[in-house]
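Fold and geometry: a report
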Amino acid sequence: MNLARFLASRLVKGVLVLMAIAIVNFALIRAAPGDPATVMAGEAGAADEAFVQQLRERFGLDRPILEQLGIYLKGVATLDLGFSYRQGRSVASLIADRLPATLLLTGTAFVISLALGMLLGALAARRVGRPADTAITVVALLFYATPLFWIALMSQIVFSLKLGLLPNVGYETIGANLSGGDRALDIAHHLVLPALTLGLFFTALYARMMRASMLEIAGADYVRTARAKGVAPGSLTRRHIARNAILPVVTLAGLQAGQIVGGAVLTETVFAWPGIGRLMFESLAQRDYQVLLGVFFVSSAMVVLFNLATDLTYRFVDPRIQMGA
Amino acid sequence: MSRFVRIGIVGGLTLMLAGAAAAQTTAPQGGGTPKKGGALQLVVTPEPPGLMLGLTQNGPTQMIASNIYESLLRYDVKLNPMPSLAKSWEISPDQTVYTFKLQDGVTWHDGKPFGADDVVFSLDVFLREVHPRWRQIANNQVKSIEKLDDLTVRITTKQPFGPFMLSQEAASAPIIPKHIYAGTDYRANPANNTPIGTGPMKFAEWRKGSFVKLVRNEAYWDKGRPLLDEMYFQFIPDAASRAVAYETGKVDVLTGGSVEVFDVARLAKLPNTCVTNGGWEMFAPHAWITPNVKNGILGNKQFRQAMMYAIDRDFGRDVIWSGYGKVPTGPISSKTKFYSDQGVTKYTYDPAKAKELVKASGYKGETIRFLSLPYGETWQRWAEAIKQNFDDVGIKMEIVSTDVPGWTQKVSNFDFDLTFNFLYQYGDPAIGVARSYVTSNIVKGNPFGNVGQYSNPEVDKLFAEAAVAPTEKRQDLYTKVQQITADDLPLLWLLEMDFPTVSRCNVKDLVTTSIGVNDSAKNVWKQ
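Residues numbered from 1 in each chain as written. Chains lettered and ligands numbered in written order. Predicted model: local features only at pLDDT ≥ 70, side-chain atom pairs only at ≥ 80, totals over all residues. Heavy atoms only, no water.

Brief notes about the overall build of chain A
A count of helices and strands for chain A gives 13 helices and two strands. Summarising its shape, the C-alpha atoms of chain A cover approximately 85 × 60 × 40 Å along the three principal directions. Expressed as a percentage of the 325 residues in chain A, the buried residues total 47%. Long-range contacts, defined here as pairs at least 24 residues apart, represent 74% of the contacts in chain A between residues at least 6 apart. Counting only carbon and sulfur atoms, one obtains 69% of the accessible surface of chain A, whose full area is about 15500 Å². Counting 28 positive and 20 negative side-chain charges, chain A places the averaged centre of each group 16 Å from the other. (Helix = DSSP H or I, 4+ residues; strand = E, 2+ residues; numbered from the N terminus. Buried < 20%, exposed > 50% of the residue type's maximum accessible area, 1.4 Å probe, protein only. Contact = heavy atoms within 4.5 Å. Areas by Shrake-Rupley, 256 points an atom, 1.4 Å probe, with all protein chains shown as cover. Lys, Arg positive; Asp, Glu negative; His and termini not counted. Charge placed at Lys NZ, Arg CZ, Asp CG, Glu CD.)

Written out as structure tokens, the structure reads:
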């Protein structure tokens, strides 16, 4: 099957999946108790029934649910994500506002964890059973098993409060009015703790995956053959083992990459990082339906796209893999 | 002033915090000659949905936007009116005609002049439609709102309405610009994102998810004010991280409720840290358990009294709330007007008596569902403590958890047996108290109504008479209401809550009015 047909068929399937996801999301959100009008009335500290009704009419929540679904799907089909009356802004602009911070955080964490995870995994596999392997395995297991928010809070207490090395919350120093290189440095300074916290969890995951995968392949016949014909150990690991062991890691990385745009709710919350994960979580708590659906839609679109990209990467990493739709 | 809680000794300065006389606690924050300049970093939580105070009145919106928008009046810690946009006022002898003289030389932040037209538009048109509290006063009590000249407005009420002079606080009746809102779709007006007011600070920037920045209004009508150059309101979603942000110096002020009370007690011990309970006299948040009196045994007065004797309310205050607050005696907070404990039934912690009453009530061991309030860890702990108290006297209780919209919906639809709630009293029982007890307010779809569905014609009558009685007659009526309800227990009052404000001691005059950090910071300065 050629590449163009493969892409076309996958894109059509992707659009169908997205529509199905949009409908399921819509239904799920409406199944939760409460609606934006009751939340807003609740926050105002007083309300009468007529007032809440007036809000519902304004938000279009008084119409039949199927009509609301129709309006929503029509909007999605034309890539119009709607308007948040609660925040008085279009959903697209709200999401766009949060995108840079989220991409910076999840992207950095992704790169750190992929590079570090593969390196540590390969190292552990080469020294299997020796102290270095044990150390890497134990540390990886520790980071894998420890709850993220606990690591986040502890890192704040150690590095911000006790050592005074790094800022504990935020995206940049508020009120400093920095620009250019100074601002970039300031943001990088703020990025360290959240990116490491988020990255360490995935590092552990990749390291474990890489190690297991490499050990499995190290026992394969062709590796024994290569060793027998005198391939140097370094080259053997790099070209014969690692190259083949990398496939499961690519699969996992594809999954993580799909979540890059979805943000990281826990990390963003604890570090007050102004990303999409928080936007989503706060919208959920406030039943800001349009924003929530918008974030869901954008993240699921990204998952579909990255899955496709992963499949294409397979072919690049391992030419033996055929494109099957 | 019956009881002091000593919080900490800071730099030789003893901070005396008393729930009963919170007015005293603002004094240590003043002193010295006010100095101009500087930026103030505050934490508010959660991030508000918008800053247009006429449309949104939740706590965080008010803390930021009361610097941008102003109302006719402000209130001192004794709830006496002070001038704001109104320079002076006259009240007719029969207490039905209120004439407000406005400040002259006031301009909106966009440079347009402010005048009586803006006031009439705000109170008579805009807020009457969109403000959940003002619309009730405007529609039920007010006969007319007229402009007499460019700087004079006259409001006539249908009858003497006791709390009218308390209704003009910044978030209750913010004055908004007519030239921007007249004839528009209020909620979709793009100007909502760049609020224009008359206040001491101007909106500068809102970095969503991070902070709101306000800058000094150089053209402010009150010459010499404000003192600060800039204010930053930071949004940090996690309570523990907020506390660390204060400890590392990222923020100067933790507004009431932004850290858990057990953290307040810890932070109060830090150097250069001042804690005050002041600034909540107007709102006087009152916490209670609402029993749904239509649900089985909860309709039994003896059973409700049994629950009240069973709950160790002092433990709740001292341990769960780290000593902040005061155990109430009835529906009206001792911080506001018309409080009385004269001749009321008092409930001390008495499990033995509770057991007797449980037996007498005919309770058969059915499980009672307790809908927990999803407002943070402290409430969760409190529910667990009360479950323990109930266990001790043989009442079976099960805690039901939900999130905020779920809670609001369940409570609005009377779908609970017991639930926590706390409401502001807004300075006058006619506004903030009666609503939870009167029969006419048993309406589904409103979480602030009489959701427990208690109904007593005598209580209805007393509340109705007291709202419109001449000032001197009101105390007697409210004293009687407090006596009847303390015996009937439509609600199980638990705590007159304190929302302590934590700040660096060099932030001066932070809390000078009865709404504290909810008010404009025009007098605040940094030493």
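Considering the packing of helix H10 (residues 233-258) of chain A against helix H13 (residues 289-317) of chain A
All names here are of chain A. It is at 8 Å that the axes of H10 and H13 come closest, and there the two elements cross at 165°. In terms of axis orientation, H10 runs roughly antiparallel to H13. In terms of crossing hand, the pair formed by H10 and H13 is right-handed. Contacts between H10 and H13 involve Arg243, Ile246, Leu247, Val250, Thr251, Gly254, Ala257 and Gly258 on the former and, on the latter, Ser299, Met302, Val303, Phe306, Thr310, Thr313, Tyr314, Phe316 and Val317. (Axes fitted to C-alpha atoms, helices over the stretch in contact; angles between N-to-C directions. Parallel < 35°, antiparallel > 145°, perpendicular 65-115°, else oblique. Left-handed = near helix turned anticlockwise from the far one by under 90°.)

Section: the interface of chain B and chain A
Tallying the contact residues gives 46 residues for chain B and 52 residues for chain A. Overall, the association of chain B and chain A removes approximately 4100 Å² of surface from exposure, summing both partners, and the carbon and sulfur fraction of that is 53%. On the chain B side of the contact with chain A, Arg187(B), Lys208(B) and Pro405(B) bury the most area, a combined 16% of that side's loss. Remark: the boundary between chain B and chain A carries four salt bridges. The tally of links between chain B and chain A comes to 14 residue pairs in polar contact (both at pLDDT 80 or more). When the residues that make up the side of chain B that touches chain A are grouped by side-chain class, the tally is 15 nonpolar, 15 polar and 16 charged. (Buried area = accessible area lost by both parts, 1.4 Å probe. Salt bridge = Lys/Arg side-chain N within 4 Å of Asp/Glu carboxyl O. Polar contact = N/O pair within 3.5 Å; in protein donor to acceptor, adjacent residues only side chain to side chain. Nonpolar A, V, L, I, M, F, W, Y, C, P; charged D, E, K, R; others polar.)

Concerning a nonpolar patch on the surface
Residues and elements named next belong to chain A. On the surface, a cluster of nonpolar side chains totalling about 450 Å² of accessible area is made up of Phe149, Trp150, Met154, Ile157 and Leu266. Per-element tally for the nonpolar patch: the top contributor is helix H7 (residues 148-162), with four residues. Relative to the elements of secondary structure, phenylalanine 149 occurs in helix H7. Relative accessible area serves as the criterion here: at 42%, phenylalanine 149 is assigned to the partly exposed category. (Patch = residues over 30% accessible without salt bridge, like charges linked within 9 Å, V, L, I, M, F, W, Y side chains within 5 Å.)

Honestly, it's all geometry; don't read function into it.
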